[in-house]
Amino acid sequence: MIKEWLARGVIILGLAMVISIPAANLWQQSQGIVMHARMAETGGWTPENLTIAVGKPLHLRLTSDDVTHGFAVGQLDQPAVDINPGEMSDITLVFSKPGKYTFYCTRWCSVNHWRMRGTIEVTGPIDKAEPAKSPLYVRLGLNIDADHKASLTPLQLPSAWRGALLNQNIPETYKSHDYYLSHTPLDLWLALSSEPVLKKLSDQDVWDLAAWVWQSNTTPEEVQAGKQLFTANCAACHGESGAGNGVFADQLAVGSGNKALNQTMGEQTQCPANFTDALRMLSASPAHLQGKIIRGGMGTGMPSWGAIFTEDQTWALVAYLWTFQFQIEVYP
Amino acid sequence: MTRLQESLWVEEAATKSTLSGSSERYTIPSRVNLYRIPWLRAMLESRWPQFLARAVTLIGFVFTLAAALFGSRVGNHNFAIIMVWIAWWTTLKLGFIPFGGRSWCSICPIPLPGDWLQQGGILDKGSHKNGFNLRWPKSLRGSWLQSGGFLLIGLFSAVTLTDPQVTGWVLLALFALAVGMSLVFEHRAFCSYICPIGGFSGMYAKAAPMEVRVVDKEICANHRDKSCYHACPWGLYPLAMKDSSACGLCMECLRACPKDNLALNLRPYGSDLGGHISSSRLDETFLALTMLGSALAFSAVFVGPWGWLKLSAFEIGSQPWVAYATGFLALNLLFLPALFSLCVWSWKKISQNRLPLKRLVASHAQGLLPLGLMSWIAFTISFALPKLTLVLGVLNDPFGWGWHILNATNTSRSLDVSGFSPLLQVILLMIGIFWSTRVTMKLSKSDGKHNFPSNMPVLVFYLVYSIGMLWLLIG
């Protein structure tokens, strides 16, 4: 009888161990936050919304249930953390300003990778109500969805250094940063062409001048930063060459044919924009482009980046986009 | 003690013993009675070593269930997936079956709670106490259900083998079924008639080198009590055992026999094969063919380079999957049985055998067993061996929760078997062909006809099958 009870004891003890240790761990996990990452098609982030008080550390344990993902918080200066399937990553976040932050995936995991987002609500006293500044395109009253086509385009790719070599006296108005932000390259070309001082220049020369003016409004660092952002976030759809032929372009183009039929949200995806198309790009102002980046494409498949990029980052991207139209040096 | 005849090809084992009372009572030609070895006998007679092994497997099984249901959804980082489908499967195919026959059944955790409930105790082997103790319906006897079970596994294998939750639910369902059946039916009904693993383990046990048999039949004839039969949880009567397919090697009969008349024998490979033609059953034939067909299918899906095939096996419910399921079932239910029957029929015509085709097909199935065993070993080498390094990873972090039990850091290296694996598989399948050929020859010899050419059709079947397997595994 003793032997029987001994045997029962062995079994009970063993079972108790293998049940209680994971159970204790599971309980411990529930005390913290374990973020499960999945492709957007199969659930995205779980939990999707977090809350934390300003100044308090937010400990997150992250794991992926399918493929490699990454985690970063928009407009927060914190390096992204990779999340590997079946493994745990740790991150601790501290917020100094209250508000609503967006966290997002930083590893291309599927065509809907950019939809993998969640929010962190940071509570705390707001010192003084800062009125939110509306984006430039709104202040300018631009309709960024309207069709736009340049009436004429250069025969050759305009080059900023050729424009610089021309050594012309360009009126100050055209060189100002405000002018750059709110006017299209075509506007500038038309304006420059009609300047009496520049009358003897050829059409192509004026384009080179316009390219030179455009480049003067950016810095090499800005363009470089823009390039890095483009490669990490945009090239998958728009292509590394900017021609709208990235790896996911085919899947997005599927929706184009059914614009009339599919009125449901998100099924009107279109081919990504072609930044090498002069007709479209030269008739768009930096404000216009920035607006598209911030707001997104309203169901066309273009993500809205306003919550992710800082304003400087969006202008850096715009600065990089011009390199598809003008020969602007991009340093490695 | 008899010296073990080392040759693999000695299959004419004389199981008849010498007269009782003589000093040669315990010597049987070509058998080594392991129960005579003192330390081994002590380990088998005592209930504790076996109990502790069972405790380990049961506790491990419960842990596996926990990991499957609550751990990471990523298959190769989950203890359940790796330990069940890689580690345990490898030890089963490369260890338990080829060396011990149905030996896994001796320590399998799934029927244990049912057994204990039946007995009303854990350690001692009591008589049946709880449950309805009904006889298993005669119409459901045999290994048909087990074949069906294995085919079912094959249809859903792509998902079961990769999704921890599915593995968890399947194991839990089997567990519940085994316990439930123990409370309704007598003996180990689940193990004998439902469990697919038991099905093919038992079948291949006929070729394996371990058996439990009676030593001296005269002693049994004079023994009234039949304590061995009452002790056997499988409901077997050791004296009447024709082959090892139904015996779970639990050693209860050895412990129970008051005359010490039972032996755990080491025997030559294939001892139960090639015997009298009437000793085979159609259900075993079907199971043997199912195992062969499944080995082909699994090799194609899991080890093959065809992404579309893997995808169609994975997306259950989709049209490609229906096509895969149809193909899989057609291979196992139609194509292979038809091909094999055709080969046997050709043999029948050539050798002018008068026996009915059904009986001949059933008996010739014995020749399929060595081939099947070798094919599954070869498949396991391709499929599981390179993944064995994952075992370290899941021992370190079973749930994918970031544990570091073994303090192991880089656990993602893969075992490179590309050097020796193809050669090993060729050797294994060659052994399979030769051994199966040997059995077939023996079968035809026992029928009186000693004609090599007449066996050609069946041998061609073996050859074609082996070439197919080799092409899938290493070609």
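Residues numbered from 1 in each chain as written. Chains lettered and ligands numbered in written order. Predicted model: local features only at pLDDT ≥ 70, side-chain atom pairs only at ≥ 80, totals over all residues. Heavy atoms only, no water.

Chemist: Would you take a moment to explain the interface of chain A and chain B for this structure?
Modeler: It is common to report an interface's size as the accessible area lost on association of the parts. The partner chain B presents 25 residues to the 26 residues of chain A that form the contact. For the pair chain A and chain B, the summed buried surface comes to about 2000 Å²; carbon and sulfur atoms form 73% of the total. The interface formed by chain A and chain B includes zero salt bridges. The tally of links between chain A and chain B comes to six residue pairs in polar contact (both at pLDDT 80 or more). Those elements that provide at least two residues to the side of chain A that touches chain B are helix 1 (2-31) and strand 4 (57-64) of chain A. At 16 residues, the largest contribution of residues to the side of chain A that touches chain B is made by helix 1 of chain A. (Contact = heavy atoms within 4.5 Å. Buried area = accessible area lost by both parts, 1.4 Å probe. Salt bridge = Lys/Arg side-chain N within 4 Å of Asp/Glu carboxyl O. Polar contact = N/O pair within 3.5 Å; in protein donor to acceptor, adjacent residues only side chain to side chain. Helix = DSSP H or I, 4+ residues; strand = E, 2+ residues; numbered from the N terminus.)

Chemist: In this structure, what is going on with the packing of helix 3 (residues 79-100) of chain B against helix 18 (residues 389-396) of chain B? I would like to understand it.
Modeler: What describes two packed helices is the angle between their axes and the distance between those same axes. All names here are of chain B. At a closest axis distance of 9 Å, the pairing of helix 3 and helix 18 adopts a crossing angle of 145°. Once helix 3 is placed against helix 18, the crossing between them reads as left-handed. Only Leu390, Val391, Val394 and Leu395 of helix 18 make contact with helix 3, whose side of the interface consists of Phe79, Ile82, Met83 and Ala87. Taken together, the residues of the contact of helix 3 with helix 18 break down into eight nonpolar, no polar and no charged. (Axes fitted to C-alpha atoms, helices over the stretch in contact; angles between N-to-C directions. Left-handed = near helix turned anticlockwise from the far one by under 90°. Nonpolar A, V, L, I, M, F, W, Y, C, P; charged D, E, K, R; others polar.)

Chemist: I tried to follow the domain arrangement of chain B on my own but got confused; where do I start?
Modeler: Residues and elements named next belong to chain B. Domain boundaries in chain B define domain 1 (34-266) and domain 2 (292-474). Across the boundary between the two partners, domain 1 contributes 35 residues, which contact 35 residues of domain 2. Summed over both partners, the interface of domain 1 with domain 2 buries about 3100 Å², with 83% contributed by carbon and sulfur atoms. Its largest share of buried area at the contact with domain 2, domain 1 owes to Leu151, Leu155 and Tyr204, together 20% of the area lost on that side. For the pair domain 1 and domain 2, the interface holds zero salt bridges. Put simply, domain 1 and domain 2 have five residue pairs in polar contact (both at pLDDT 80 or more) between them. (Domains from an automatic or database assignment.)

Chemist: How should I be thinking about the packing of helix 6 (residues 144-160) of chain B against helix 9 (residues 196-205) of chain B in this particular structure?
Modeler: Residue and element names in this part refer to chain B. At a closest axis distance of 8 Å, the pairing of helix 6 and helix 9 adopts a crossing angle of 115°. Taken as a pair, helix 6 and helix 9 cross one another with a handedness that is left-handed. Listed contacts from helix 9 to Gln146, Gly149, Phe150 and Ile153 of helix 6 are Pro196, Gly198, Gly199 and Phe200. The class makeup of the residues in the contact of helix 6 with helix 9 is four nonpolar, four polar and no charged.

Chemist: Even after reading the chapter, I still don't get the nonpolar core, so can you show me in this structure?
Modeler: When a protein is soluble and globular, its nonpolar side chains tend to lie buried together. Grouped together as the largest cluster of nonpolar side chains are 141 residues, with contacts concentrated most on Phe200, Tyr204, Leu264, Leu368, Trp376 and Phe461 of chain B. For this core, the leading source of residues is helix 13 (residues 282-303) of chain B, giving 13 residues. The residues contacting leucine 264 of chain B, other than those within four sequence positions of it, are Val32, Asn33, Leu34, Tyr35, Leu44, Met210, Glu211, Val212, Leu249, Met251 and Leu254 of chain B. Formed by 50 residues, the second largest nonpolar core is a distinct cluster that contains Ala72, Trp305, Leu317 and Ile328 of chain A. (Core = buried A, V, L, I, M, F, W, Y, C linked by side-chain atoms within 4.5 Å. Buried < 20%, exposed > 50% of the residue type's maximum accessible area, 1.4 Å probe, protein only.)

Chemist: Looking at this structure, how should I read helix 1 (residues 38-45) of chain B?
Modeler: Residues that lie three or four places apart on an α-helix share one face, since the helix turns once every 3.6 residues. Residues and elements named next belong to chain B. Restricting attention to buried positions, one finds in helix 1 the residues Leu40, Arg41 and Leu44. Buried residues in helix 1, looked at end-on, bunch into an arc of 100°, giving them a common side. Of the exposed residues in helix 1, the ones pointing more than 90 degrees away from its buried face are Pro38 and Trp39. In this structure, the buried residues of helix 1 make contact with helix 12 (252-256) and strand 3 (262-266). (Arc of directions from axis to C-beta.)

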